[in-house]
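Each chain, written out:
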Amino acid sequence: MSLITEAVQRLEANVCGSGCEENSVALKRNPDGPLCQYVQGVTVAGHYGGKIAHITTNFPIEANTRVSFMFGAALDSAPQRAAALVIMNVVLGFFCLERTINACGADRYSDCLRDIIARIRGGSIYPVGTIPLPVGEDGVYAADPGEADIILVTGDGLCTDEGLALCEKYRDSGHLLFIGPETSGFCSLLDLPHWCPYGRSSPGEDA
């Protein structure tokens, strides 16, 4: 069982039997949706019960499906894993169990970058996914995963075979830090450390 399928299993335990697991989820590309500065790619919106969650990913998928599609599924491709992340986010958002399901506005980018650099300054990081942090500047240093103070993981990094395996290997190390709204629901379900201080519950909400 991978970390993503484990998170899906925990979501199933929360909603199974309520009837909500058979409700429809629409996944649609939304180029105008809120974009996290740490992730590149296409913005995908998940619509469920009037709630909207956005993720940005290099593994976009568009579909009309049900929450239950994930239950018991292998989720062995990057697009399927990305779909699972946005579905977890929007379902947890619908149940008011997770609020950080949309990226902040661009007006908070500089605040977030300042805060994350302050958190990791003086330490070493290993990025899982493409993370445009000033490594080599501002007291931020790169290291191999086994030696890094922080293994910083984006949603896209988590969705790859290599990234997922690395996160599973270092799950109990105390060094993982998942970043961005893409991983918020996943981290809530597995009680893993998460960074997205200015994320929003709704796309147009004031940060």
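Since the structure is predicted, the reported quantities are computational estimates derived from the model, not experimental observations. (Residues numbered from 1 in each chain as written. Predicted model: local features only at pLDDT ≥ 70, side-chain atom pairs only at ≥ 80, totals over all residues. Heavy atoms only, no water.)

Observations regarding the overall build of the protein
The line we're drawing: Per the convention used, a helix needs a DSSP run of H or I reaching at least four residues, while a strand needs a run of E reaching at least two, with both numbered from the N terminus. Radius of gyration means the value over C-alpha atoms here, while the globule rule gives 2.2 Å times the residue count to the 0.38 power. Residue burial is assigned from relative accessible area. The probe radius is 1.4 Å, only protein chains are included, and a residue is buried under 20% of its type maximum, exposed over 50%, and partly exposed in between. Areas reported as accessible are Shrake-Rupley estimates using a 1.4 Å probe. Residue values count occlusion only from the protein chains shown. In this charge count, Lys and Arg are treated as positive and Asp and Glu as negative; neither His nor the chain ends contribute. A charged residue contributes its charge at one atom only: NZ of Lys, CZ of Arg, CG of Asp or CD of Glu.
For the protein, the helix and strand inventory stands at six helices and nine strands. For the protein, whose C-alpha radius of gyration is 16 Å, the value lies close to the compact-globule estimate of 17 Å for 207 residues. With respect to the principal axes defined by its C-alpha atoms, the protein has extents near 50 × 35 × 25 Å. Every one of the 207 residues in the protein was classed for burial, and the buried ones make up 53%. Total accessible area computed for the protein in this model is approximately 9,000 Å², and 47% of it derives from carbon and sulfur atoms. Within the protein, the 25 negative side-chain charges are centred at a point lying 4 Å from the centre of the 14 positive side-chain charges.

Brief notes about empty space enclosed by the protein
Threshold: Of the grid points, spaced at 1 Å and generated over the protein atoms alone, those admitting a 1.4 Å probe that cannot get out make up cavities, while open sets with protein on both sides within 12 Å along at least five of seven lines make up pockets; any residue with an atom within 4 Å of a point is treated as lining. Grid points are joined across faces, edges and corners, and a volume is the space filled by probe spheres set on the points. As a working rule, the residues Ala, Val, Leu, Ile, Met, Phe, Trp, Tyr, Cys and Pro are called nonpolar, Asp, Glu, Lys and Arg charged, and the rest polar, with Gly in that last group.
Going through the model one piece at a time under the given rule, you end up with two cavities of 30 Å³ or more. Taken as a whole, the largest cavity encloses approximately 90 Å³ of empty space. As for the largest cavity, its lining consists of 15 residues, of which Cys36, Tyr38, Cys104, Cys112 and Cys196 are closest to the centre. The residue inventory of the lining of the largest cavity, partitioned by class, reads 12 nonpolar, three polar and no charged. What the second largest cavity holds in volume is close to 30 Å³. In this structure, the second largest cavity is lined by Leu27, Val44, Ile55, Thr57, Phe59, Pro60, Ile61, Ala82, Ala83 and Val86. Secondary structure elements with two or more residues in the lining of the second largest cavity: β3 (51-57) and α2 (78-94). Of all the elements, α2 adds the most residues to the lining of the second largest cavity, at three residues.

With respect to the sheet that holds strand β4 (residues 63-66)
Under the convention used in this document: For two strands to be treated as a pair, DSSP must find no fewer than two bridges joining them. Fitted lines through C-alpha atoms serve as axes, helices being fitted only where they are in contact, and the angles separating the N-to-C directions of these axes extend from 0 to 180 degrees. Two residues form a contact once any of their heavy atoms are found within 4.5 Å.
What the four strands build is an open sheet, ordered β3-β2-β1-β4; its pairing is antiparallel. Strands at the two margins of the open sheet, each flanked by one partner only, are β3 and β4. Adjacent strand axes in the sheet meet at a mean angle of 25 degrees, parallel and antiparallel pairs treated alike. Here strand β1 (residues 24-29) runs beside β4; their pairing, made up of four bridges, is antiparallel. Looking across to β4, one finds that alanine 26 is bridged to asparagine 64. In the packing of α2 onto the sheet, the strands contacted are β1, β2 (42-48), β3 and β4, and the crossing angle to β3 comes to about 150 degrees.

Focus on helix α5 (residues 161-169)
The test is simple: Relevant arc is that of directions from the helix axis to the C-beta atoms, nothing else.
Taken together, the buried positions of α5 are Gly163, Leu164, Leu166 and Cys167. Seen along its axis, α5 keeps its buried residues to an arc of 160 degrees; they face one direction. Of the residues in α5, the exposed ones pointing more than 90 degrees away from the buried face are Glu162 and Lys169.

Some points on the state of the cysteines
The condition is simple: Any two cysteine sulfur atoms within 2.5 Å of one another count as a disulfide.
Within the structure shown, the criterion is met by zero disulfides. This cysteine, cysteine 196, is not joined by any disulfide, and cysteine 36 carries the nearest cysteine sulfur, 6.1 Å off.

Some points on the sheet that holds strand β6 (residues 141-142)
Strand order in this open sheet of five strands is β6-β5-β7-β8-β9, and the pairing throughout is parallel. What marks the edges here is a single partner per strand, and that holds for β6 and β9 (194-195). Examined bridge by bridge, strand β5 (residues 124-128) and strand β7 (residues 150-153) share four bridges and lie parallel to one another. The residue of β7 that forms the bridge with isoleucine 125 is isoleucine 150.

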